[in-house]
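# Structural overview for review
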Amino acid sequence: MARKIGEVILDLRHISLSFGGVKALTDISFDVREHEIRAIIGPNGAGKSSMLNVINGVYRPQQGEIIFQGEHRKDMDTHAAAAAGIARTFQNIALFKGMTVLDNLMTGRNLKMRCNFLQHALWWGPAQREELEHRRKVEEIIDFLEIEHIRKTPVGRLPYGLQKRVELGRALAAEPKMLLLDEPMAGMNVEEKQDMCRFILDVNDQFGTTIVLIEHDMGVVMDISDRVVVLDYGRKIADGTPDEVKNDPEVIAAYLGTQH
Amino acid sequence: MIYRETGQFKTSYAADQQIFPIRQDRIGIAILLAFAFVVVPLTAGNYWFNAILIPFLIFSLAALGLNILTGYAGQLSLGSAAFMAVGAYAAYNFQVRIEGMPVLLSFILAGLTAAGVGILFGLPSLRIKGFYLAVATLAAQFFIVWCLTKFPYLSNYSASGVISVPNVEILGYTFDTPQSRYLLVLSIVSLMALLAKNMVRSSTGRAWMAVRDMDVAAEVIGIRLMRTKLLAFAISSFYCGVAGALYAFCYLGSVEPDGFSLDLSFKILFMIIVGGVGSILGSFLGAAFILLVPIFLDIVLPWLSELLHLPVDSATVSHMQLMVFGELIMFFLIVEPHGLARLWQIGKEKLRLWPFPH
Amino acid sequence: MQFFLEVLIGGLLSGVMYSLVALGFVLIFKASGVFNFAQGAMVFFAALSLVGCMEKGAPLWLAFILAFGIMTLLGIATEKFVLRKMVNQPPISLFMATIGLAFFIEGLAPLLWGNAVRRLDIGLVDEPIPWILEHWNMVISKFDLVAAGLALALVAVLALFFQYTRVGRALRAVADDHQAALSIGIPLQHIWALVWAVAGFVALVAGMLWGARNGVQFALTFTALKALPVLILGGFTSVPGAIVGGLIIGGTEKLAEIYIPPVMSGIFGGNFGGIEGWFPYVMALLFLLVRPEGLFGEKHIDRV
């Protein structure tokens, strides 16, 4: 592969998160290197989504440290994460259902737009220029994801597989450094999965985007990821290349159950 | 057959971004504006101006304001009338207290005052949503009307808070005929509708809709919820405030705080439900519809009663009105939650394909 | 001090009435997730129906039963013709539909029963209790006390009903999870109709007590609106919350009405009465800033 894996871009140290008395994550540390595809796997309820939520500031961990691009933080906040170049998709699609595909993608670029509401109200001039400029970028992504035919369709009317793709598009529209994907292939058929895999690899390859993904399909995970971290009951039980993880006895136990 | 976009290719994104991308729509709106600005003033009588056209335009503006907040930003408000009241009283005070204050400037200042009050009552929206917020906006409704009644300063020490506004005068011209007032209101409303359309089709509007549709995702994209919601409150209140000022200056001439009651707030809410939540056009259609219903009933009910030999007094008519309003709201929410604007759109799409069914 | 207590107790007793209306909201919200704005209109409608039946010559007990029948019909009709058709719509649309329903009922009630203000005599007089007047020199209304007692008894009965009957259990199951309740064979629509009937009953009791105190008139709907801030204080899903919230609102609004206007008149001059018109709402609003989920509401964690 042409891409080169770089330095550590995200470093999570001793993250612990709990809701009330319920522990979701306990003392988890791992890192993500630039340009790599990093998978988080684990049984249901292992804390995978919580992990992503910690990375982009939806949840605030009680303990630990998050270092993104050399900047040390106790916790992220969503705006800082977005501004630093972290974009994501959600397990249960979180698109803006009343808006068209085009508007969803344009919204993804919100942070890059500089005009204020008064300029927008006047429209002619800076606002229109800005709109056109971003429209061009968004159209590139629309081409990339092969969704030209539905650009003016309200996303609420699209089938599930396409919605997943649009959500990826919305995240890409922000031109992120790091992309967090929460089960991008859940509920898809084989063809849709293949398409999605191709898009993820292309994004990683063409744009050099670092990718952290949660996925249940082990075949896919083993195929596309560079390193895998395994969670179980909110703890990290393994971390390494797909092959290392695959043969780890604790991982096998977590997935298949232990003998007592 | 005439309504076809065949052959109209868009070769640039700029062309694709127009408010009316289809040529026939552009011609249509031009004809409509010409009609409203030229034909109507020449032909309509005073009853039309005073009882139908002027209130229609003013309520359209108020509905537009509420639609920005509720339809686009998704924050339900039951206090629009109170923000109209703020606008009306603010404009009055700026006029009365500052010598030589231009009327248009006092309208703008009235809008800004309403926007400030709107932000204040919008603050709870940062922590609460849905019904909770709706109830919180009731606080604005009752508190503001009470203040206007009880603080004599606000109504320049007139009895029970009634204010009588001076004639509107711009650059030496006095707007004392219904025609002239109609044209003034029409100009302001058209301009503000255009500005609103521009806002909702750019990233300001997209941020509002993003917060409305999925606030967590909006936050993750980097949209600041607080700023976005408060901006919606401010702009919505600005629109309601200007509508209130026009209501006092160009429609009634004298208003009292109790005129801006909870009932009026509901009426404005009904306008956007019937017209179309999240649609500029819908605000106008809804305002027309809700204003015409009572007029229609006033005509039809006596006629019906004569036909059926049943006595109908004015109280009955007003009760029937309540029932019809209630039924309409339930009907639209059940059958077409996107209101008349959506029906209009469906109609146009059908026409585009006609005579083929698909 | 004595005067303060008198005002406070008067306020608390009228607060029980707010609780009663709030209870109707809570019942429907718990069972169907609908925030029923029309509860106030239902109070008005119930009171008018009661008076209407009595005017036609029915004794109180019969009129009460008839009015309950009418409220049940209204509830079933609402469920069948409005809510059932809006099953997949967002809660805020349902809320707006109930505003429409409120208008409808407010128009229908006077059409059926006439719109004159009526007195409702239920055999209770609004007069101070002599014994308290004698010993503590406080004016505590006999009517208010009995009404509050009745309201509390109703709450207790409802609580028992929910806790110990089969229907009550089904109701709680529905409140917890519609789909799950449906999947174990609980007839959702019957339950909803039932809940509307119970809410109608609560509205009837509230309407009867209020109507007897202040006359049966349109203004009842406004008084009933005060149940909304009560709900915010107590939380939308909590029966004890409705009661405590009602007491707090009732007590504080009367105290505010007595003690704030003189202070304000002292500063600004003029008359500042009528504070109780907005005080509950503003208080609820400020309270929301501190504790958005209400006193007894459940904290909500967004899952993404």
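Note that this is a predicted model, so its numbers are computed, not measured. (Residues numbered from 1 in each chain as written. Chains lettered and ligands numbered in written order. Predicted model: local features only at pLDDT ≥ 70, side-chain atom pairs only at ≥ 80, totals over all residues.)

Here we come to the overall build of chain B. Helix and strand counts for chain B come out as 14 helices and four strands. For 358 residues, the compact-globule estimate of 2.2 N^0.38 gives 21 Å, and chain B sits close to it at 21 Å. Considered along the principal axes of its C-alpha atoms, chain B spans approximately 65 × 60 × 45 Å. Expressed as a percentage of the 358 residues in chain B, the buried residues total 49%. (Helix = DSSP H or I, 4+ residues; strand = E, 2+ residues; numbered from the N terminus. Rg over C-alpha atoms; globule rule 2.2 N^0.38 Å. Buried ≥ 20, exposed ≤ 12 C-beta atoms within 10 Å, placed from the backbone.)

Turning to the overall build of chain A, a few remarks are in order. Helix and strand content of chain A: ten helices and ten strands. Relative to the globule expectation of 18 Å for 260 residues, the C-alpha radius of gyration of chain A, 19 Å, shows essentially globular dimensions. Dimensions of chain A, computed from C-alpha atoms along their principal axes, come out at roughly 70 × 40 × 40 Å. Going through the 260 residues of chain A one by one, you find that 43% of them count as buried. If you take every contact in chain A between residues at least 6 apart in sequence, the share linking residues at least 24 apart comes to 68%. (Contact = placed C-beta atoms within 7 Å.)

Before going further, it helps to examine the sheet that holds strand β2 (residues 22-33) of chain A. Residue and element names in this part refer to chain A. As summarised here, the arrangement of the four strands in space is β2-β1-β4-β5, forming an open sheet in which the pairing is antiparallel. Each of the sheet's edge strands pairs with one partner strand only, and the pair in question is β2 and β5 (71-73). Mean inter-strand twist for the sheet, computed between neighbouring axes without regard to direction, equals 15°. Summarising the sheet, strand β4 (residues 63-68) and β5 pair through three bridges and their orientation is antiparallel. Looking at β5, one finds that I67 is bridged to H72. (Pairing = 2+ DSSP bridges. Axes fitted to C-alpha atoms, helices over the stretch in contact; angles between N-to-C directions.)

Take the environment of K226 of chain C next. Residues and elements named next belong to chain C. Within the fold, K226 resides in the loop between α10 (220-225) and α11 (227-234). Under the C-beta neighbour-count criterion, K226 is labelled buried, with 25 such atoms within 10 Å. Sequence separation between K226 and G250 is 24 residues, and the spatial gap between their C-alpha atoms is 9.3 Å. The residues contacting K226, other than those within four sequence positions of it, are Y18, I249 and P280.

For the rest of this paragraph, the subject is helix α7 (residues 190-207) of chain A. Residues and elements named next belong to chain A. A rise of 1.5 Å per residue sets the reference length of α7, with its 18 residues, at 26 Å; its end C-alpha atoms lie 25 Å apart and thus fit the reference within 8%. Looking at α7, one finds that the buried residues are M196, I200, V203 and N204. Seen along its axis, α7 keeps its buried residues to an arc of 90°; they face one direction. Among the exposed residues of α7, those oriented more than 90 degrees off its buried face are V190, E191, R198 and Q206. In this structure, the buried residues of α7 make contact with β3 (37-41), α6 (160-173), β7 (178-182), β8 (210-214) and α8 (218-224). Within two residues after α7, G208 carries a phi angle of roughly 70°, on the positive side. (Expected span 1.5 Å × (residues − 1). Arc of directions from axis to C-beta.)

Attention now goes to the nonpolar core. By size, the foremost hydrophobic cluster in this structure holds 290 residues, and its most contacted members are A47 and L50 of chain C. Counting residues per element, this core draws most heavily on helix α9 (residues 188-214) of chain C, which supplies 18 residues. (Core = buried A, V, L, I, M, F, W, Y, C linked by C-beta atoms within 7 Å.)

As a further point, take the domain arrangement of chain A. Residue and element names in this part refer to chain A. Taken domain by domain, chain A comprises domain 1 (1-85 + 176-260) and domain 2 (98-175). Relative placement of domain 1 and domain 2: their C-alpha centres are 27 Å apart. Listed per partner, the contact involves eleven residues of domain 1 and ten residues of domain 2. At the level of elements, α2 (78-84) and α7 are the ones that each hand at least two residues to the side of domain 1 that touches domain 2. A total of four residues in the side of domain 1 that touches domain 2 trace back to one element, the largest contributor, which is α7. When the residues that make up the side of domain 1 that touches domain 2 are grouped by side-chain class, the tally is nine nonpolar, one polar and one charged. (Domains from an automatic or database assignment. Nonpolar A, V, L, I, M, F, W, Y, C, P; charged D, E, K, R; others polar.)

Contact residues are listed per partner, giving 40 residues for chain C and 36 residues for chain B. Going through the elements one at a time, α4 (91-113), α11 and α13 (279-290) of chain C are the ones with two or more residues in the side of chain C that touches chain B. With 16 residues, the top contributor of residues to the side of chain C that touches chain B is α4 of chain C. For the side of chain C that touches chain B, a count of residues per class yields 29 nonpolar, eight polar and three charged.

On to the packing of helix α12 (residues 280-308) of chain B against helix α13 (residues 314-335) of chain B. All names here are of chain B. The geometry of α12 relative to α13 is characterised by a closest axis approach of 10 Å and an angle of 130° between their N-to-C directions. Accordingly, the angle class assigned to the pair α12 and α13 is oblique. Once α12 is placed against α13, the crossing between them reads as right-handed. In this structure, α12 uses V293, P294, L297, D298 and L301 to contact α13, whose residues at the interface are V317, M320, Q321, V324 and F325. Of the residues in the contact of α12 with α13, the class split is eight nonpolar, one polar and one charged. (Parallel < 35°, antiparallel > 145°, perpendicular 65-115°, else oblique. Left-handed = near helix turned anticlockwise from the far one by under 90°.)

So, about the sheet that holds β3 of chain A. Residue and element names in this part refer to chain A. Read across the open sheet, the six strands follow the order β6-β7-β8-β3-β9-β10; overall the sheet is mixed. Two strands close off the open sheet at either side, each with one partner strand: β6 (86-88) and β10 (235-240). When the angles between neighbouring strand axes are averaged without regard to direction, this sheet yields 20°. In this sheet, β10 lies alongside strand β9 (residues 227-232) in antiparallel orientation, the contact comprising five bridges. Of the residues in β10, the one forming a bridge with D232 is R235. In the packing of helix α1 (residues 48-55) onto the sheet, contacts are made with β3, β6, β7, β8 and β9, and the angle to β7 comes to roughly 150°.

As a further point, take the pairing of β4 of chain A. Residue and element names in this part refer to chain A. Across five bridges, the pairing between strand β1 (residues 8-19) and β4 is antiparallel. Bridge pairing in β4 links L12 to I66. Here β4 folds back onto β5 in antiparallel fashion, the turn holding two residues, of which Q69 has a positive phi close to 50°.

Quick look at unusual backbone geometry now. In this structure, E146 of chain A takes a positive phi of about 60° despite not being glycine. Here E146 of chain A lies in the loop between α5 (126-144) and α6. Not every positive phi belongs to a glycine, and N156 of chain B is a case in point at roughly 55°. Residue placement: N156 of chain B occurs in the loop between α6 (130-150) and β1 (163-164).

Residues and elements named next belong to chain A. The buried fraction of β7 is high, at five of five residues. Residues M178, L180 and D182 point to one face of β7 and L179 and L181 to the other, with burial holding for every one of them. Note that β6 and β7 share three bridges and pair parallel. Bridge pairing in β7 links A87 to L179. As judged from the five bridges shared by β7 and β8, these two strands associate in the parallel manner. Residue pairing for β8: M178 is matched across the bridge by T210.

The next subject is the environment of Y59 of chain A. Within the secondary structure layout, Y59 of chain A lies in the loop between α1 and β4. In this structure Y59 of chain A touches L17, S50, N53 and V54 of chain A, once residues within four positions along its chain are discounted.

Chain-level statistics for chain B give a pLDDT mean of 90 and a share of 98% at 70 or above. The ipTM assigned to the predicted complex is 0.91, against a pTM of 0.92. (pLDDT = per-residue confidence, 0-100.)

This part is about the environment of R342 of chain B. All names here are of chain B. Along the polypeptide, R342 turns up in helix α14 (residues 339-353). Judged by C-beta crowding, with 18 C-beta atoms within 10 Å, R342 ranks as partly exposed. C-alpha separation for the pair R342 and T149, spaced 193 residues apart in sequence, amounts to 40 Å. Aside from chain neighbours lying at most four places away, what touches R342 is G276 and E336.

Attention shifts here to the packing of helix α8 (residues 203-213) of chain B against helix α10 (residues 225-252) of chain B. Residues and elements named next belong to chain B. Running from N to C, α8 and α10 cross one another at 110°; their axes reach a closest spacing of 10 Å. In terms of orientation, α8 lies roughly perpendicular with respect to α10. On α10, the residues that touch A207, W208 and V211 of α8 are L225, T228, K229 and A232. Across the contact of α8 with α10, the residue classes tally to five nonpolar, one polar and one charged.

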